[in-house]
Amino acid sequence: MPPKPTCHLIRPENSYEGKQGLSYFTGIATETVGSTGICMHLLTMPPGARAKAHMHESHETAIYVLSGEVHTWYGDRLEQHIVVKAGDLFYIPAGVPHLPANLSDSPVSAVIARTDPNEQESVVLLPELDGLVA
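Residues numbered from 1 in each chain as written. Predicted model: local features only at pLDDT ≥ 70, side-chain atom pairs only at ≥ 80, totals over all residues. Heavy atoms only, no water.

As annotated in an unreviewed UniProt entry, the protein is Cupin from Mesorhizobium temperatum.

The structure is reproduced here in structure tokens:
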């Protein structure tokens, strides 16, 4: 008989390197709490940090920026651009290529939630798009 589900407390004290080229604080995921439908992590991007172009193949992403501002290019050829600032919520549908970058002199902190409980499983790197953003 499987164990009865229970609540878990995660203190984001440890970090890991994501496929996207950024460092994430350990959060809610299948790997940490056994979640089956969601993951949530804290990301702090230092000044000048930039992710690799990528998409999440079949999972949605919701981002809440706590501090700073991040430039994000998105679309099939990263042709769209938006600046997401502290207090903003940003939604990325499944399968949409995107590339975030911190172009400021201050760190950016954000809470990221995805419908993929395995934090890195649906990350698909798109190296052919990396050069489209200067």
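Having put the structure on the table, let's press on.
Examining the overall build of the protein
In terms of helices and strands, the protein carries two helices and eleven strands. Shown N-terminal to C-terminal, the secondary structure of the protein runs as helices and strands in the order β-β-α-β-β-β-β-β-β-β-β-β-α. The C-alpha atoms of the protein give 15 Å as radius of gyration, which agrees with the globular expectation for 134 residues (14 Å, within 12%). Seen along its three principal axes, the alpha-carbon backbone of the protein occupies a region of about 55 × 30 × 25 Å. Looking at the protein as a whole, 39% of its 134 residues are labelled buried. (Helix = DSSP H or I, 4+ residues; strand = E, 2+ residues; numbered from the N terminus. Rg over C-alpha atoms; globule rule 2.2 N^0.38 Å. Buried < 20%, exposed > 50% of the residue type's maximum accessible area, 1.4 Å probe, protein only.)

A look at the UniProt feature "domain: Cupin type-2" (unreviewed entry) in the protein
Following the UniProt record, the feature "domain: Cupin type-2" (unreviewed entry) maps to residues 42-111 here. The span residues 42-111 is 0% helix and 54% strand, and its two end C-alpha atoms sit 5 Å from each other. (UniProt positions renumbered as here; feature names shortened; annotations may be inferred.)

Side note on the nonpolar core
Ranked by internal contacts, the top residues of the largest apolar core, which has 15 residues, are Leu22, Leu43, Met45, Ile63 and Val65. Elements represented by at least two residues in this core include exactly strand E3 (39-45), strand E5 (61-67), strand E8 (89-92) and strand E10 (108-114). Among all residues touching Ile63, those that are not within four sequence positions of it are Asp88, Leu89, Phe90, Ile92, Ala110, Val111 and Ile112. Within the second largest apolar cluster, nine residues are counted, among which are Trp73, Leu99, Ala101 and Leu129. (Core = buried A, V, L, I, M, F, W, Y, C linked by side-chain atoms within 4.5 Å. Contact = heavy atoms within 4.5 Å.)

Considerations on unusual backbone geometry
In this model, Leu78 sits at a positive phi of 55 degrees, which is unusual for a non-glycine residue. Within the secondary structure, Leu78 is located in the loop between strand E6 (69-74) and strand E7 (80-85). Overall, the relative accessible area of 5% leaves Leu78 in the buried class.

Some points on the side chain of Ser35
Looking at the secondary structure, you find Ser35 in the loop between helix H1 (30-33) and E3. In this structure the side chain of Ser35 is engaged in a polar contact, spanning 3.5 Å, whose partner is the backbone oxygen of Ala29. A polar side-chain atom of Ser35 sits 2.8 Å from the main-chain carbonyl oxygen of Ile38. Once residues within four sequence positions are removed from consideration, Ser35 is found in contact with Ile28, Ala29, Thr30 and Pro117. (Polar contact = N/O pair within 3.5 Å; in protein donor to acceptor, adjacent residues only side chain to side chain.)

Some words on the packing of aromatic side chains
Where two aromatic rings form a pair, the distance of their centres and the angle of their planes describe that pair. Applying the stated criterion to the full structure yields one aromatic pair. Arranged with centres 6.3 Å apart and planes meeting at 65 degrees, the rings of Tyr74 and Phe90 form a pair that is edge-to-face. On the criterion of sequence distance, the pair formed by Tyr74 in strand E6 and Phe90 in strand E8 is long-range, its members being 16 residues apart. Residue classification places Phe90 among the buried positions, given a relative accessible area of 13%. (Phe/Tyr/Trp six-rings, centres within 6.5 Å; stacked < 30°, edge-to-face > 60°.)

A word on a nonpolar patch on the surface
On the surface, Tyr64, Leu66 and Leu89 cluster together into a nonpolar patch covering about 320 Å² of accessible area. Topologically, Leu89 is positioned in strand E8. (Patch = residues over 30% accessible without salt bridge, like charges linked within 9 Å, V, L, I, M, F, W, Y side chains within 5 Å. Areas by Shrake-Rupley, 256 points an atom, 1.4 Å probe, with all protein chains shown as cover. Salt bridge = Lys/Arg side-chain N within 4 Å of Asp/Glu carboxyl O.)

As for the pairing of E10
The side chains of a regular strand alternate between the sheet's two faces. Most of E10 sits out of view: five of its seven residues are buried. Sheet topology note: the E3/E10 ladder contains seven bridges and is antiparallel. Counted as the bridge partner of Met45 is Val108 from E10. When E5 meets E10, the two strands line up antiparallel, connected through six bridges. Looking at E10, one finds that Val65 is bridged to Ala110. (Pairing = 2+ DSSP bridges.)

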